[in-house]
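Geometric and topological summary
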Amino acid sequence: MVLNDEVRALFDQICQKHLLTDKPLSMRLAHQHLVAEYLAKHPQAGTNQVPTRRQLHYYFTTHYNQMVRSRKRHDDRTYNKDIRALTGNTYDVTDGAGAVYEIDATQADVYLASETGKPIGRPYIYVVVDRHTGLIAGMHVSLDPPQYKTACDAIYNAIIDKTEFCRAHGIELGNEHHWDAKGMPACIVADNAELQSDQFESFLRAYNVANSFTPSGRPDCKGTVEKSIDLLQTELRQFIDAAPDNIKLRKAGHKEKRHLATLTLNDLTKMLIRATLIVNKRLRVNTPKYLPASVAPTPELLWKWSIDHHISQLTHVDDPKRLRITLLPKVRPSLSEDGITADKITYFCAKARDLGYFERRGQRPNTDNMLLARDPDDVSIAYFFPNTVRQPATYWECTLASKCNHLEKMSLNEAKKYQEQAKITAQIEQQKTTIYAAEMLAKQTETVKKAKQRKAESTKSVAQQIAEISDNRQSEKEQQRQKNPRIKEALPVKEKTVQREYATSLYPDNLEDIPD
């Protein structure tokens, strides 16, 4: 059949409707729809007068290239993540070590046990990776699900020196083991989740760090850390018996392994440190253009070369305590004459008092730019940031106010549970007090009623009754003394005879012996 403009238009219609959709039909079915459409317009057409499947296939492949077909058949997220061409590498988008740190969390493929051997489920692993070199810069293992606190613990671990951290888990860094990652990165890339908050913004402003959040459903935007996590899990998998089963249904062969857990949280941390040291020595696929042939493209050596040749954007952190405080979880407090309050916990700050923040009269400063940082494991001490916009690195140390001293050494969760229990206890006691007061009210009313009934009508004038108050008062006092004497019975006093012994050489026995 010879093609004309009408048939070409029909081809375009069939391609757009049946072949360029998220659920495309096969070419055979699309051709059937084409023939049906053509015969509807030309019912007298014979067998040799309808478009063939080969004609439709040729038209589709010549007028719609592979990129057009892929874009039409997939949404933008899937196309960009799984289908689009990848022509570059991480060296093209970063300018040395520390330019970009990627952070991500995952649930570890292992069931843990407590120190007493009881199963406690799967932990969560946070990993921080340098995008340029692929070096794992920091990590954190926790039983808590992904949240701001655990994410900041991983960032803190990535910035500080690892010597003490590894030593605490029985691993000495030195000639044999190297983990040189330390320093503040220029940018941090994270999920659009736990780190998107005002409290993280204050940390970024304090250290002049940029940040970027990846779109939802686009793990390829931080593929370096995603691959590093996969490599760590692979390194550990061979040593783990109590691992989750990929088969979820019991009838399909699922095997329960949680009761087989033997590793503790401390054991897993040790194994992850060793796995990190192994992964940091792996050969990378791509090599940066500045690296000489005498240096192997491993993350560890790439990091060292970048630092030694000043191809780095890391900045030195001279005060780890200040860094830790800046990364603590923060809340927006309120100011009152009692102090600085957050989550019904009140703190006292000498600096704020001297500036008049707690004055009972007068206008207090606006709290829009104020934050209060606390360690969730101990609410005894807090750190007050008076202005996180103009002075993001300035903080004042606070202690518990006297009315909250009973919360000392408690974790934040323990303090909240204590407050909830105290509130319930107060409500129960208030209810008891209300019932007791109601019972007393009835008795008080009865007493007043009887007193009114007991009072006799007086024929004296009001002036006479008032004039007799003094005499009546004296008479009543006398009657009360007789009814209620202070000492009802006089107790007899027992006389005690004290016998003394005298020395015969000093005192005479008879009066006659007394000399004149």
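Remember, it's a predicted structure, so these values are computed and weren't measured experimentally.

1. Describing a nonpolar patch on the surface
On the surface, a cluster of nonpolar side chains totalling about 300 Å² of accessible area is made up of V462, I466 and I469. With respect to the helices, strands and loops of the structure, V462 is situated in helix α16 (residues 462-467). With relative accessibility at 60%, the residue V462 sits in the exposed group.

2. A short note on the nonpolar core
Counting residues in each nonpolar core, the largest one holds 61 residues, and the members touching the most others are I103, I155, W179, L195, F203 and L323. Of all the elements, helix α7 (residues 148-159) adds the most residues to this core, at 8 residues. Grouped together as the second largest cluster of nonpolar side chains are 22 residues, C349, Y357, V379 and C398 included.

3. Quick word on the side chain of K149
Among the secondary structure elements, K149 is positioned in helix α7. On the basis of relative accessible area, K149 is assigned to the buried category, the value being 17%. Apart from the residues within four sequence positions on either side, K149 is in contact with P329, P376 and D377.

4. Some remarks on the sheet that holds strand β6 (residues 187-190)
Overall, mixed pairing links the 5 strands, which are arranged β5-β4-β1-β6-β7 in an open sheet. Here the strands that pair on one side only, and so sit at the sheet edges, are β5 (136-142) and β7 (210-213). Pairwise comparison of adjacent strand axes, ignoring direction, gives a mean angle of 20° for this sheet. In the sheet, strand β1 (residues 101-107) pairs with strand β4 (residues 124-130) via 7 bridges, with the strands oriented antiparallel. Across the sheet, I103 pairs through a bridge with V128, a residue of β4. Taken strand by strand, helix α10 (residues 223-237) contacts β1, β4 and β5, and its axis lies near 45° from that of β1.

So, how was this worked out
- Residues numbered from 1 in each chain as written.
- Predicted model: local features only at pLDDT ≥ 70, side-chain atom pairs only at ≥ 80, totals over all residues.
- Heavy atoms only, no water.
- Patch = residues over 30% accessible without salt bridge, like charges linked within 9 Å, V, L, I, M, F, W, Y side chains within 5 Å.
- Areas by Shrake-Rupley, 256 points an atom, 1.4 Å probe, with all protein chains shown as cover.
- Salt bridge = Lys/Arg side-chain N within 4 Å of Asp/Glu carboxyl O.
- Helix = DSSP H or I, 4+ residues; strand = E, 2+ residues; numbered from the N terminus.
- Buried < 20%, exposed > 50% of the residue type's maximum accessible area, 1.4 Å probe, protein only.
- Core = buried A, V, L, I, M, F, W, Y, C linked by side-chain atoms within 4.5 Å.
- Contact = heavy atoms within 4.5 Å.
- Pairing = 2+ DSSP bridges.
- Axes fitted to C-alpha atoms, helices over the stretch in contact; angles between N-to-C directions.

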